[in-house]
Amino acid sequence: MSDLDQLTQSLARNLKRWRGERGFTLDALAARAGVSRGMIIQIEQARTNPSVGTTVKLADALGVSITTLLDYEQGPQVRLVPADQAVRMWSTEAGSSTTLLVGTEAAGPLELWSWRLMPGEGSTSDPHPEGTVELLHVTEGELTLVVDGEPHVVPAGTSATFEAHLSHAYRNEGTRPAEFTMAVSVPPAR
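Residues numbered from 1 in each chain as written. Predicted model: local features only at pLDDT ≥ 70, side-chain atom pairs only at ≥ 80, totals over all residues. Heavy atoms only, no water.

Enquirer: Just checking my understanding: could you explain empty space enclosed by the protein for this structure?
Expert: Over the atoms, a rolled probe matching the size of one water molecule traces out where space is still vacant. Taken as a whole and judged by the stated rule, the model has one cavity of 30 Å³ or more. The calculated volume of the largest cavity comes to roughly 30 Å³. Looking at the largest cavity, the residues that line it are Arg17, Glu21, Glu130, Gly131, Thr132, Val133, Glu163 and His165. Within the lining of the largest cavity, the residues separate by chemical class into one nonpolar, three polar and four charged. (1 Å grid on protein atoms, 1.4 Å probe; cavity = no way out; pocket = protein on both sides within 12 Å on 5 of 7 lines; lining within 4 Å. Points joined across faces, edges and corners; volume = space filled by probe spheres on them. Nonpolar A, V, L, I, M, F, W, Y, C, P; charged D, E, K, R; others polar.)

As C-alpha cells, this is what we get:
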C-alpha cells in the first residue's frame with residue numbers, strides 16, 4: 001500500500017470515528033465544516049483525497065487537530081494504564097483517597113459493569129455502535145482482552161480503554177478467577 005493509499009484509509013477511518021464520537025450526522029458535519037455532504041461520504045469511503053483546506057475544515061468542525069484526523073496510528077487502539085501511571089487525585093492522612101484509573105473523551109449513555117471470569121472461561125461481544133468506548137480496571141487475576149483479533153494481557157492493577165465498535169472478547173487464560181470493573185460509553189442515539 002502506498003503512502004497516499006494509507007493516508008486515504010487513515011483519513012476515512014478517523015473521520016468516521018470522530019464524526020461518530022461527536023454524534024454528528026453527515027448533514028450536521030457538512031454544515032459545521034462548510035464541506036458538501038457528498039465530499040464527506042467520498043472521504044469516509046476512501047474514494048477521494050481531499051485538499052488540505054477541506055481536511056483542515058473537517059478537523060476544525062470536529063474539534064480535533066489535523067494530525068489526529070490524519071494519524072496512521074488512530075486505527076484500532078487499546079491503551080493500557082499500569083497501576084503506577086494511575087493519577088492519585090486526593091488523599092488524607094487517615095487513608096481516604098481517590099484515583100483516576102483511566103479516562104476517555106466520549107458522550108452519551110454510560111454503563112458500569114462488574115465482571116468475574118473463572119479460569120478457562122471467556123465471553124465474546126458483538127461490535128457496538130461506532131463511537132462506543134469501553135474502559136476497564138482489573139482488580140484480581142489477569143484478563144486477556146482481545147480487540148479486533150489482537151490479544152492484550154491486562155494484569156491486576158492495570159486499566160485499559162478501547163474502541164468497542166470492533167469485535168472484542170474477554171478471556172481468563174490464567175489459573176485464578178479474574179475480576180474487573182468495566183464502564184461502557186455509548187454514543188447518543190441519532
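The rest of the description comes next.
Enquirer: Would you explain helix H4 (residues 52–62) in this entry?
Expert: An α-helical segment advances 3.6 residues per turn. Residues three or four places apart therefore align on the same side. Restricting attention to buried positions, one finds in H4 the residues Thr54, Thr55, Leu58, Ala59, Ala61 and Leu62. In a view along the axis of H4, the buried residues occupy a sector of 165°, so they form one face of it. Exposed residues lying more than 90 degrees from the buried face of H4 are Val52 and Asp60. Its buried side turned inward, H4 meets helix H1 (3–22), helix H2 (26–33), helix H3 (37–44) and helix H5 (66–70). Remark: Gly63 follows H4 within two positions and exhibits a positive phi of approximately 75°. (Buried < 20%, exposed > 50% of the residue type's maximum accessible area, 1.4 Å probe, protein only. Helix = DSSP H or I, 4+ residues; strand = E, 2+ residues; numbered from the N terminus. Arc of directions from axis to C-beta. Contact = heavy atoms within 4.5 Å.)

Enquirer: For this particular structure, what's the right way to read the sheet that holds strand E5 (residues 122–125)?
Expert: Hydrogen bonds between backbone atoms are what pair the strands of a sheet, whose relative direction is either parallel or antiparallel. Across the sheet, four strands lie side by side as E5-E10-E7-E8; this open sheet has antiparallel pairing. Sheet topology places E5 and strand E8 (150–155) at the edges, where each strand pairs with a single neighbour. Adjacent strand axes in the sheet meet at a mean angle of 15°, parallel and antiparallel pairs treated alike. (Pairing = 2+ DSSP bridges. Axes fitted to C-alpha atoms, helices over the stretch in contact; angles between N-to-C directions.)

Enquirer: How do you make sense of the environment of Ser114 when you look at a structure like this?
Expert: Its location among the elements puts Ser114 in strand E4 (residues 110–117). Residues Ser114 and Ala183, spaced 69 residues apart in sequence, show a C-alpha to C-alpha distance of 8.9 Å.

Enquirer: Would you take a moment to explain unusual backbone geometry for this structure?
Expert: Most peptide bonds take the trans configuration, and most residues that are not glycine carry a negative phi. Of note in this structure, Ala46 is not a glycine but carries a positive phi near 55°. When you line up the elements, Ala46 lands in the loop between H3 and H4. Overall, the relative accessible area of 22% leaves Ala46 in the partly exposed class. Notably, Asp148 is not glycine yet its phi reads approximately 55°, a positive angle. For Asp148, the position within the fold is in the loop between strand E7 (142–147) and E8.

These values are about where atoms sit, not about what they do.
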